[in-house]
Amino acid sequence: MATVTPNRDGVRGGARPPERRRVVQLILGVVLYALCQLAVTVAAVLVFAATSSGEASATVGEVLAGDGPAPVIGFAVGAVVAIIGFLLIVRLVSRRPPRELMGPRAAPEIGWGLLIGFGIVALSMGILGVLGVYQPHGISLTSGILTGLMVGVGPAVVEEVFFRGFLLRLLDGWLGSWPALLITSVVFALVHSLSSPAGPIAAVFVFLSASLILNLAYLLTRRLWLPIALHLAFNATQSAVFGLNVSGNESGDSLITGQLTGPDLLTGGALGGEGSVVLVAVALLTGIAMAVIAVRRGAMLPAERALVR
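Computed from a prediction, not measured in an experiment: that's the story for all the values here.

A. Quick look at the overall build of the protein chain. When helices and strands are tallied, the protein chain shows ten helices and two strands. Secondary structure of the protein chain in N-to-C order comes out as α-α-α-α-β-α-α-α-α-β-α-α. Burial statistics for the protein chain: of 309 residues in total, 50% are counted as buried. Contacts spanning at least 24 positions in sequence make up 75% of the contacts within the protein chain whose residues lie at least 6 apart. Surface accessibility of the protein chain: about 13,600 Å² in total, with carbon and sulfur atoms responsible for 70%.

Structure representation (structure tokens):
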């Protein structure tokens, strides 16, 4: 397998940054992920309580999917906690610069991520529109679209920091790129199935439509810009542009008012667009293309010998 020669700072192209205390980092990553989820919930509930009438009541899910500032601020707070936590853990525990969130390649990687994420969903909805499955009813601009956008921004940052910034990164050095990709993809899909109304079946579709491409986006660059932007665009395009549920969960208003009608195989059923065989096929083809590029660039690396340094 091709390798990449690191520069004096320990990383170039697909090479791994040097790591210390991987087990401690992983434990702290899990704690940080839980804190981010708590921060999102607490911030959103507090803002909802402060901005709504005294008689208003709603579940946490309704608050996070509703209009107004509560979900926007909640997801923003979660994203900030994730970024700060990652920077501190890498600096203090691994004792190296957090290169996953540094570098001159940030802007182009963000651009490519947004383009790929938007392209997967837009192409899928175009195909489903031609088939008469996705039926748009009109275009509208409302403040509720901000909720749909934050459904992209908040979870994209929080989840990518943990699943790619900690879990995949650390398993990559311990087990090698291919096993790390598979394990992280399965864990990511299973975690999403826990909160999806589609239940365990959601894990299969999330694995096929999102897990693989997000993990490959990290392995191609060994930075978080590409997977965060791809994840953001993938979610936000579904929710804020086409009005689809994200992983089966409601997500506010959208630019295009539309619905999916037809057999579950095409509409995705309770899971929404991510469960459609059309979107899964488009995402899988994208993932295959990314895997080919990763192999050709020598980004899929073997395991390192030491788990703890």
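B. Summary view of helix α3 (residues 69-94). Helix length check: α3 (26 residues) gives 37 Å between terminal C-alpha atoms against 38 Å at 1.5 Å per residue, within 8%. Just downstream of α3 lies R95, where phi reads positive at about 55°.

C. Spotlight on the nonpolar core. With 59 residues, the main nonpolar core has F86, M125, Y134, V161, F166, F242 and M290 as its most contacted residues. Those elements giving two or more residues to this core turn out to be α1 (22-51), α3, α4 (106-130), α5 (145-175), α6 (177-194), α7 (201-221), α8 (225-241) and α10 (277-296). A total of twelve residues in this core trace back to one element, the largest contributor, which is α7. Not counting residues up to four positions away in its chain, the partners in contact with F166 are Q25, G29, L32, F86, I89 and V161. The next biggest cluster of nonpolar side chains, apart from the first, holds eight residues, and it includes V40, V63, L64 and M150.

D. Geometry of the environment of G199. Mapped onto the fold, G199 is located in the loop between α6 and α7. A residue is classified by how much of its surface remains accessible, and G199, at 16% relative accessible area, is buried. Taking C-alpha positions, G199 is 8.9 Å from A270, a pair spaced 71 residues apart along the chain.

E. Here's a closer look at α1. Compared with the 44 Å implied by 1.5 Å per residue over 30 residues, the 43 Å span of α1 between its first and last C-alpha is a close match. Buried within α1 we find R22, Q25, G29, L32, Y33, C36, A39, V40, A43, A44 and V47.

F. Quick peek at the packing of aromatic side chains. Applying the stated criterion to the full structure yields six aromatic pairs. Taken together, a centroid distance of 5.0 Å and an interplanar angle of 25° make the contact between Y33 and F162 stacked. Highlighted residues: Y33 in helix α1 and F162 in helix α5, separated in sequence by 129 residues. Take Y33 and F162: they sit in the same class, and that class is buried. Judged by centre distance (5.0 Å) and plane angle (70°), the ring pair of F162 and F163 falls under edge-to-face. When its relative accessible area of 10% is taken as the criterion, F162 is described as buried. The structure contains a cluster of three or more aromatic residues connected by ring pairs, namely Y33, F162, F163 and F188. The ring of F188 has R164 lying over it, and the distance from NZ or CZ to the ring centre is 4.6 Å.

G. Expanded view of the pattern of salt bridges. Scanning the model with the defined rule gives six salt bridges in all. Where R96 meets E19, a salt bridge forms, and the shortest distance between an N and an O atom there is 2.7 Å. Here R96 is found in the loop between α3 and α4, whereas its partner E19 is found in the segment before α1, with 77 residues between them in sequence. Accessibility expressed as a relative area gives 4% for E19, which makes it buried. R96 is paired through a salt bridge with E100; the nearest N and O atoms lie 2.7 Å apart. Judged by relative accessible area, R96 falls into the buried class, the value being 5%. E100 sits in the buried class, given a relative accessible area of 0%. Salt bridges sharing partners connect three or more residues here, namely E19, R96, E100 and R169.

The rules behind each value
- Residues numbered from 1 in each chain as written.
- Predicted model: local features only at pLDDT ≥ 70, side-chain atom pairs only at ≥ 80, totals over all residues.
- Heavy atoms only, no water.
- Helix = DSSP H or I, 4+ residues; strand = E, 2+ residues; numbered from the N terminus.
- Buried < 20%, exposed > 50% of the residue type's maximum accessible area, 1.4 Å probe, protein only.
- Contact = heavy atoms within 4.5 Å.
- Areas by Shrake-Rupley, 256 points an atom, 1.4 Å probe, with all protein chains shown as cover.
- Expected span 1.5 Å × (residues − 1).
- Core = buried A, V, L, I, M, F, W, Y, C linked by side-chain atoms within 4.5 Å.
- Phe/Tyr/Trp six-rings, centres within 6.5 Å; stacked < 30°, edge-to-face > 60°.
- Lys NZ or Arg CZ within 6 Å of the ring centre and 35° of its normal.
- Salt bridge = Lys/Arg side-chain N within 4 Å of Asp/Glu carboxyl O.

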